[in-house]
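Here is how the chains run, residue by residue.
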Amino acid sequence: GKAPGDEGRGNVKRSVTFNIEESASYPPTVKERALSRASNATSATSNSVSPKDALRQAFDQQSEINPFVNNTPPWTWDLVLQTAFVVVFILPLRLVLFCGSIAIAWILDAVAQTGHYVEDEPMPRWRTRIVNWSAYFWRAWLFSLSYQRMDVVGFPANASEAPICVVNHTSFLDIFIMYACKRFSFIAKKEIKKIPFGKQITKAGQTVFVDRTNKESSQNVKAVIMERCRQRKRKASDSPGAPKWPTIVMFPESTCTNGTALITFKKGAFIPAAPVQPITIKYHWSTCDPCKVYGGGPGIGTLLFRLLTSLHNSATVHFLDVYNPDDDEKKDALLYAENVRVAMAKSLKVAVTNHSYADVQLLLQAKKAHIRRRSLKKMNIEMQTLTNILDAKCSAENFRFFLKEFHTAAGKTGEITKDQFFQVLKMPKNQITERVFQLFDIDSDGVLQFKEFMAGIALLYFNNDRDVLAEIITSKNDESGNFYFDKNEIKRFATFRKMG
């Protein structure tokens with residue numbers, strides 16, 4: 001199916017002037033972005049953009065916002081002195097509150113579900129009251145982590161009004177903030193069960209666990225969501241005191257970001273075509289960014305220490321009005337998801353980007369390759385934008401394959417030289433391949449970052465336009481003013497393209 005905003009794209013090639021960064025004050029609708037993309041694509045093709053310009057514009061048009069980097073400031077003498085003060089005079093009290101509140105909340109949650117098979121039916125009301133008491137202790141736990149103030153705007157909707165809530169995902173604290181507001185049910189990855197105290201706490205909220213590596217598990221979760229959404233259609237004859245499932249909370253971004261943008265929403269929460277309540281969480285911090293991301297930043301242990309030793313932080317939780325989908329949105333879950341994302345971005349006053357969970361998978365592979373954090377921060381690829389602008393049919397698996405090949409040659413530096421470039425693509429060094437490197441080298445500095453390398457790969461190996469090589473023949477090299485290839489050389493070069 002088409003992604004939101006693709007309606008105006010048609011068969012136009014290389015829509016290089018599409019502006020990804022939307023206005024933070026008023027993000028345009030899906031339809032407006034689609035019309036803008038179609039208009040820009042048409043003007044781009046009529047201007048006969050050269051391949052080098054296409055690569056340069058694809059490089060530039062990707063969002064400068066990197067939502068996968070933790071922005072915690074480095075240590076300074078003032079921060080060291082402040083931390084020392086907190087460690088001596090405040091931290092002992094915070095640790096008592098930290099351990100005590102989580103222990104009591106765990107006991108309450110364990111008692112509430114004793115003798116009850118939470119997977120089979122909703123909890124009776126007397127059990128849910130016990131779980132609700134734990135909300136006070138989760139608030140105390142957040143207080144111990146320096147979040148003394150939590151402003152709540154709006155009110156949680158009843159499950160009969162909106163059986164699903166969608167929340168932007170910024171930190172591991174998000175779940176506990178939601179627990180402190182109301183008894184919610186979450187869709188969570190099965191690994192959460194392995195976290196100390198995690199199993200009893202999440203089961204008390206009747207969390208639905210999913211195995212991301214198992215398609216059958218994902219299908220079962222979808223069936224559970226659909227079934228729980230039917231709760232809002234109970235007949236009037238049902239007893240008002242009958243047990244009911246709690247409202248489902250889902251994080252449609254499917255991963256944590258640093259809160260500077262909303263990345264692409266997955267459509268799972270919107271497939272039932274039921275009303276949803278958007279909820280936004282915004283953290284106000286000074287010395288510790290609470291996000292746990294994969295593009296560079298401290299680990300969970302360091303984050304907890306920095307939070308425990310911060311003086312003061314706060315958060316704002318905004319329960320937006322229930323979003324009722326129209327007929328078009330009910331038929332198109334992606335359209336529904338995109339319009340809700342735009343509404344949430346407007347509330348948060350942040351941009352929307354084309355980053356997705358696929359970009360996170362790329363970062364995870366890079367971490368396994370032990371790439372330095374400094375290099376990880378430069379891997380702001382935004383895969384969807386790159387493939388859209390260059391009209392390339394390049395999958396996440398292709399990106400991961402070339403990432404492995406690239407960093408095998410680059411090592412921890414995150415850059416490859418001309419000779420390493422030939423090694424990665426198994427090309428002989430000659431006049432033809434020298435000019436291939438010049439085409440890839442967008443900033444003409446003699447080395448390639450992965451972002452430059454992958455843009456060139458997408459253009460030459462995965463472009464949907466079969467005539468792209470002919471365009472390169474008739475385009476001139478910016479540095480030399482000569483053509484990249486002549487007609488005899490192109491036949492030889494075409495054998496390299498078969499690698500893709």
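Residues numbered from 1 in each chain as written. Predicted model: local features only at pLDDT ≥ 70, side-chain atom pairs only at ≥ 80, totals over all residues. Heavy atoms only, no water.

Moving on, we come to the overall build of the protein. Each helix and strand counted, the protein has 20 helices and 11 strands in total. Counting every position in the protein, which comprises 500 residues, the buried fraction comes to 53%. In the protein, the share of contacts with a sequence separation of at least 24, taken over all contacts with a separation of at least 6, comes to 76%. Put simply, the protein shows about 23,500 Å² of open surface, and 55% of that area lies on carbon and sulfur atoms. (Helix = DSSP H or I, 4+ residues; strand = E, 2+ residues; numbered from the N terminus. Buried < 20%, exposed > 50% of the residue type's maximum accessible area, 1.4 Å probe, protein only. Contact = heavy atoms within 4.5 Å. Areas by Shrake-Rupley, 256 points an atom, 1.4 Å probe, with all protein chains shown as cover.)

This next bit is on the environment of Thr114. In this fold, Thr114 is placed in the loop between helix H4 (91–113) and helix H5 (125–144). We classify Thr114 as exposed; its relative accessible area is 55%. Taking the C-alpha atoms as reference points, Thr114 and Arg127, separated by 13 residues in sequence, lie 9.4 Å from one another. For Thr114, the side chain forms a polar contact with the main-chain oxygen of Ala110, separated by 2.7 Å. (Polar contact = N/O pair within 3.5 Å; in protein donor to acceptor, adjacent residues only side chain to side chain.)

Before going further, it helps to spend a moment on the state of the cysteines. Two cysteines form a disulfide when their sulfur atoms are joined by a covalent bond. Under the defined criterion, the tally for this structure stands at zero disulfides. Of all cysteine sulfurs in the structure, the one in Cys291 sits closest to Cys288, which takes part in no disulfide; the separation is 8.7 Å. For Cys288, a relative accessible area of 0% puts it in the buried group. (Disulfide = S-S within 2.5 Å.)

What follows is about the packing of helix H17 (residues 431–440) against helix H18 (residues 450–461). Each pair of packed helices can be described by the angle between their axes along with the distance between the axes. Taken N-terminus to C-terminus, the directions of H17 and H18 make an angle of 115°; their axes are 9 Å apart at the nearest point. Taken together, the residues of H18 that come into contact with H17 (itself represented by Val436, Leu439 and Phe440) are Glu452, Phe453, Gly456, Ile457 and Leu460. Of the residues belonging to the contact of H17 with H18, the class tally is six nonpolar, one polar and one charged. (Axes fitted to C-alpha atoms, helices over the stretch in contact; angles between N-to-C directions. Nonpolar A, V, L, I, M, F, W, Y, C, P; charged D, E, K, R; others polar.)

For the rest of this paragraph, the subject is the pattern of salt bridges. Taken as a whole and judged by the stated rule, the model has five salt bridges. Between Asp151 and Arg149 there is a salt bridge; the shortest N-O distance is 3.0 Å. Taking the relative accessible area as the measure of exposure, Arg149 reaches 49% and is therefore partly exposed. Notably, a salt bridge pairs Glu338 with Arg341, separated by 3.0 Å at the nearest N-O pair. Taken as a pair, Glu338 and Arg341 lie in helix H11 (residues 333–348) at a separation of three residues, close to a single helical turn. By relative accessible area, Glu338 is classed as buried at 7%. (Salt bridge = Lys/Arg side-chain N within 4 Å of Asp/Glu carboxyl O.)

Under the definition given, this model contains 24 aromatic pairs. Consider the rings of Tyr147 and Tyr283, whose centres lie 5.7 Å apart with planes at 80°: the pair is edge-to-face. Highlighted residues: Tyr147 in strand E1 (residues 147–153) and Tyr283 in strand E7 (residues 276–284), separated in sequence by 136 residues. The exposure classification of Tyr147 matches that of Tyr283, with both residues buried. Taking the centre distance of 5.0 Å and the plane angle of 70° together, the rings of Phe270 and Tyr336 count as edge-to-face. One end of the pair, Phe270, is in the loop between strand E6 (261–262) and E7; the other, Tyr336, is in helix H11, with 66 residues separating them in the sequence. Each of the two residues, Phe270 as well as Tyr336, counts as buried. Of the aromatic side chains, those joined through ring pairs into one cluster are Phe401, Phe402, Phe406, Phe421, Phe422, Phe437, Phe440, Phe450, Phe453 and Phe462. Sitting over the ring of Trp245, Arg228 keeps its end group 4.0 Å from the ring centre. (Phe/Tyr/Trp six-rings, centres within 6.5 Å; stacked < 30°, edge-to-face > 60°. Lys NZ or Arg CZ within 6 Å of the ring centre and 35° of its normal.)

Here we come to unusual backbone geometry. The phi angle at Ser146 is positive, at roughly 80°, despite the residue not being glycine. In this structure, Ser146 sits in the loop between H5 and E1. Notably, Lys426 is not glycine yet its phi reads approximately 55°, a positive angle. For Lys426, the position within the fold is in the loop between helix H16 (418–424) and H17. Exposure remark for Lys426: the relative accessible area of 63% places this residue in the exposed category.

Read these as layout, nothing more, since geometry by itself doesn't imply function.
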